[in-house]
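# Report on the structure
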Amino acid sequence: MEKERKIKVLIAKPGLDGHDRGAKVLSFGLRDQGMEVIYTGRRQSVQQIVNSALQEDVDVVGLSILSGAHLTFFPKVVDLLRENGAEDMLVIGGGIIPENHIPILKEKGVTEIFGPGTMIKDIGDFIRKNVRKIA
Amino acid sequence: MDNKDKLAEIKEKKKEWEEKVLLPAAKRFGIEKKPTEFHTPLDIADFDFVRDVGFPGQYPFTTATYPVSLVPSIERGAKPGGLRRAGTYSGYGTPEDTRDYYKQMAKLSWTGGPNLALDLPTQCGYDSDNEMVEGEIGKVGVAIDTLRDFEVIFEAFTGDQDVDRIATNITINAAANILVAMYIALAEKRGIPMAKLRCTPQNDILKEFVSRGTYIFPPRPSMRMFRDSVVFFTENLPGINITSIGGYHIREGGSTREQELAFSMAIGIAYLQEGVNAGVDIDAFTPKFTFNAFGGSMQFFKEIAFQRAARRMWAKILKERFGAKKKDSMRIRCPITAHVGCSSTTKQRALNNLSRSVVGAIAGVLSGGPPYAFPPYDEPLGLGWSLEARQLAEDATRIIMYETGMCDVIDPLAGSYYVESLTNEIEDAAWKEIEKVESMGGAVTAIENGYMQREVAKSAAERQARIERREELVVGVNCFTEEYELDVTTSKIIEHPYSEEKRYDAEKQQKANLAEVKRTRNNREVTRLLGELESAAKKEDKNLMPLFIDLAREYATLQEQCDVLRGVFGEWQLDTFV
Amino acid sequence: MDNKDKLAEIKEKKKEWNEKVLLPAAKRFGIEKRPTKFHTPLDIADFDFERDVGFPGQYPFTPSSYPISLVPRIEKGAKPGGLRRAGTYSGYGTPENTRDYYKLMAKLRYTGGPNLALDLPTQCGYDSDNEMVEGGIGKVGVAVDTFRDVEVIFEAFTGDQDLDKIATNMTINAPANILVAMYIVLAEKRGISLAKLKGTPQNDILKEFISRGTYIFPPKPSMRMFRDSVVFFTENLPALNINGFGGAHIREGGATREQELAFTMANGIAYLQEGINAGLDIDAFAPRFSFVGFGGSMEFFKEIAFHRASRCMWAKITKERFGAKSPESMRIRSPYTASSGISATTKQRALNNLTRSVIGAVAGVLSGGAPMAFPPYDEPLGLGWSLEARQLAEDATRILMYETGMCDVIDPLAGSYYMESLTNEIEDAAWKELEKVEGMGGSVAAIENGYMQRSIAKSAAERQSRIEKREDLIVGVNCFTEEYELDVTTSKIIEHPYSEDKRYDAEKQQKATLAEVKRTRNNREVTRLLGELESAAKKEDKNLMPLFIDLAREYATLQEQCDVLRGVFGEWQMDSFV
């Protein structure tokens, strides 16, 4: 029987925001749930994030921003992934995101937004439920 | 009966009480593994009042930094606007937006200098016309590219609020000296000598590597920049604070209380050593070290004990290690003592954050400071603090100040068996961690090798795991989350002075502003000075401050200067330790 | 070095600090007349840990009544509704309204017995069809005229919430025995034995004379009624508390902290003496005394010290004066410790009351109890507590319980120089005042001659004058009242279960209900029993409880019974002492 491979997740911090507690905690947490997690570190441009995602052929791209620039960065990541044929990658976001921005982001292709106080277990469940089929 | 016999007797009685009273009750309630604690003289058997506590405003400063309460008497505090300070961390969009904001707040009787929040491109040394930072201009603070932007912001501060009358805070670290140079150039233009300036740049670069993340250069050249601050400020800017050190950001980044204390003390030691190495007398510059905040959590007594321990440690470091003689060198000057911190707030049922910040403000008083109900309850909603939320926080602060009588007494917990033993415990653990850092070679090394960053990330992950296992509880997040709980919100009364449309336009505006500056300044002179900056930067012993001032005068941009330094110093990259 | 030498050294150092550090700073801030206080071992030079503090749940009970914290573990507390109790003081309009209210609250997972608020006519022994009390029916609580009304209310409490499963509180004083009799008959009808009834009638008539005002008969016959409670309850109702007495109402009436403590203790002594005089063993009935609440003010530390002092005083009174042997007789059983109190709330910027009740709840924990953020912020708005306000108060309580770690330690202030000396100070002052009352012949005499009433009226006037002179400050009332301050309110999410139209109809409804009862009951039997009551009342040694039970069974009204007693006992009139 073929062994199912691990879900592969890229956690990225677009832009200059340095608040990386959430990104790191999520990286640790998803890894503990058996996923393979790559953390980009801070200050990644959209191009760098998409390159990493494509290179590593990840299943999930998790974007973390606390600086208010999410309306700029999140859709750009989604668009660039699509341009490169990676429309089946699950893009999710987290950080300090006002309620009324969530529908806008979802419309632009971010599947879900997780705010403060979210349990990592719930994010893991969400990923497992919505991720593309793992070959 | 002498003390020893007393303790023996108490020990005897305690044993009896545990067996006959405590354990049966604990068993009945199913908490025999962790019965409620009660502390007695046994917990501080070696206690010595004069050595361990002492008097307020005196070595070892356990009780408080100052001998009197800093709460303004009502005659001062209750006059219209008396407790309102423009000083709330603020900065929005373009310099024009920020200027207008301060002008409007002044109408609401907010006075005093600004506490400037800068946008991330500014904090990281990028200009507003840099494509790489698109989307971030004016987002978490105001954008500053050149002296022109300072000129605009400070149009809101003239007359009796001119720059020689107010104290300005600037949350800037990697590029602190460049921003201070702009402030100096601004004063110069107004005919105010730099000696009269009062200002606090955050200028605490090491913690940026550990947690906050707005570094530019690697740790060592960053410390050289810090040395320039110490030397230049001490000689020329007697009214300016050299740095505002804080452990707050380290804790918010996820560290434990003891890690925060150890790391921020280790960082403080590194800064002190820079001054000493540059040949400055310890008592000449340490009094101009300030602290912005330590700690922050819901753990009421631990936060109180932590503040007592922090004061005592800093005093010991200064006196015993650096041989400081002046009291002002030994004290932690900090506007805030204990508080709950932003990471204790919840998005869920956000108005509960008012209750949380009240708990923190009480801890603040009990830990030797004035109360400060912070942050405003809507902090985690990401919309900026509404004036409603600020009103509630401000009224809470006032209630504690003027209704409770709490501020009539300094260190009301002095002598408490629990708090004295907890203070010792926290201090001991922090000393141990400091020793570890020191044995690696101190803060700079422990950052270069990633030790501090890794430890903080690990602690953050552990805390999250405890929350998910419900070992740590957060109301509305991992308990009391049933659907019949109500999310109570406040009604909107007044629009925030920084409106949505302004938010939308800021980036475009600021780009235009910058283009105009670049068009009209003396570009040749800028180029020449940047060349000078490059050669000076290459000489380790050269102080760059005078050149930053020259460059500010000529409207050189922040990024132009930082790029030159990037070329010489390199850039800091390392930040993944997961 | 022995203790005496230590103190001498501290004294020396303190003097030095005073001159060199404190006074110069105080002068600079213009507070040399009243510098911030700081306490040292000198303030508790005669302190003895075992004598003055001791261990939790053990004589003299200074740290707390119990050896462990009463905060429920989260496994219990966080289960749906685990911390919600129907027990919030409530009662609305007609018995039907109140029943429906409790049913609705049960759906929101409020469980446990009711804490019944009764309307003023009921509390003062008048029926709903009495013209004199028109307009007051169902106003500050539910109207209860006959046993029928108790039957209706408790339709909301059946099954696993039946009378043998819940504890019922009733805020009733002058006719407490009559209401308890109705409750007994209800249990009888449901086949539940008296021994299983749990609950607390307030039954603290003396404080009604001093402050709350719902007296009917003069003090002496009122005490005879109380004697009937002690004797009958002790024999027949082992699980029912005899009274829930306290000083909170005395303080709310304007008493100082020390007056409240002294008067409450004096009242307690009078109640205990009734039991003794009736020939009961102190340890047989004193354990069934409970306390509803002491104190309540914004003065954080004083309220904490007050509770430590009151526990210690009560223990000394029961043990030393009455020779109690059981610790149960000596401990103050009270659901609350320190709180901010209702009179500390403001109508102005009412949401600030959340802040105030959080401060009170923190004081509650620090004074040896479980936290209770009380009252809900809209208390002074006079519309009944909204569910939004309750949610905020409840969440605040939960935050203190589960996020702060505060409740892991009992009496965290034990040993604190300030707290121990403040506790002594308050206790000493209260003993002095208590001696004065005892010198007059005790509580009953000090009420009959108007001393207590006069004393608190004077204190209330003094407090008001301090507020008007702005010596006592209240945020939003006598300071910080400028027009740009915002009155922040919460958005309405859910209708209060007791709606406006019900409020409007209640009086008419209840009159109709009563008329129907009077039409259908056995009026002859009622008249006969009332006659029996009259002759029994005339015999001082006769216990009236059995007759009240008989009368309840026959649906005799409250006023019918009270009128008979008025005829025999007279009515209390005297209440102006200003």
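Definitions and limits used
Residues numbered from 1 in each chain as written. Chains lettered and ligands numbered in written order. Predicted model: local features only at pLDDT ≥ 70, side-chain atom pairs only at ≥ 80, totals over all residues. Heavy atoms only, no water. Contact = heavy atoms within 4.5 Å. Buried area = accessible area lost by both parts, 1.4 Å probe. Salt bridge = Lys/Arg side-chain N within 4 Å of Asp/Glu carboxyl O. Polar contact = N/O pair within 3.5 Å; in protein donor to acceptor, adjacent residues only side chain to side chain. Helix = DSSP H or I, 4+ residues; strand = E, 2+ residues; numbered from the N terminus. Expected span 1.5 Å × (residues − 1). Buried < 20%, exposed > 50% of the residue type's maximum accessible area, 1.4 Å probe, protein only.

### Quick word on the interface of chain B and chain C
Tallying the contact residues gives 103 residues for chain B and 100 residues for chain C. Between chain B and chain C, the buried area comes to about 9000 Å², and carbon and sulfur atoms account for 67% of it. Put simply, chain B and chain C have 10 salt bridges between them. At the junction of chain B with chain C, the criterion picks out 35 residue pairs in polar contact (both at pLDDT 80 or more).

### Quick word on the interface of chain B and chain A
Across the contact, 42 residues belong to chain B and 35 residues belong to chain A. Between chain B and chain A, roughly 3100 Å² of surface is buried when both sides are summed, and carbon and sulfur atoms account for 57% of that area. Where chain B packs against chain A, one counts 2 salt bridges. Of the charged contacts, one joins Glu99(A) and Lys347(B) as a salt bridge, the two residues approaching to 3.2 Å between their closest N and O atoms. The tally of links from chain B across to chain A stands at 11 residue pairs in polar contact (both at pLDDT 80 or more). If you list the elements that add at least two residues to the side of chain B that touches chain A, you get α5 (120-123), α8 (205-212), α10 (248-252) and α19 (451-468) of chain B.

### Observations regarding α19(B)
Residues and elements named next belong to chain B. For α19, spanning 18 residues, the distance from its first C-alpha to its last is 26 Å, which sits close to the expected 26 Å at 1.5 Å a residue. Residues of α19 that are buried include every one of Tyr 451, Met 452, Gln 453, Glu 455, Val 456, Ala 457, Ser 459, Ala 460, Ala 461, Gln 464 and Ile 467, and no others. One or two residues past the end of α19 sits Arg 470, with phi positive at roughly 60°.

### Things to note about the pattern of salt bridges
Applying the stated criterion across every chain, the model contains 105 salt bridges over all chains. The partner of Asp48(B) in a salt bridge is Lys6(C), and the shortest N-O contact between them spans 2.4 Å. Here Lys6(C) lies in helix α1 (residues 3-28) and Asp48(B) lies in the loop between α1 (3-28) and α2 (49-53), a pairing that spans two chains. Residue Asp48(B) is classed as buried on the basis of its relative accessible area of 17%. Residues Glu208(C) and Arg212(C) are paired through a salt bridge, measuring 3.0 Å at the closest nitrogen-oxygen approach. Taken together, the residues Glu208(C) and Arg212(C), both in helix α8 (residues 205-212) and 4 residues apart, mark about one turn of the helix. Take Arg212(C): its relative accessible area is 24%, and that puts it in the partly exposed class. Connected through shared salt-bridge partners, Arg251(C), Arg257(C), Glu260(C), Glu299(C), Lys302(C) and Glu303(C) make up one network.

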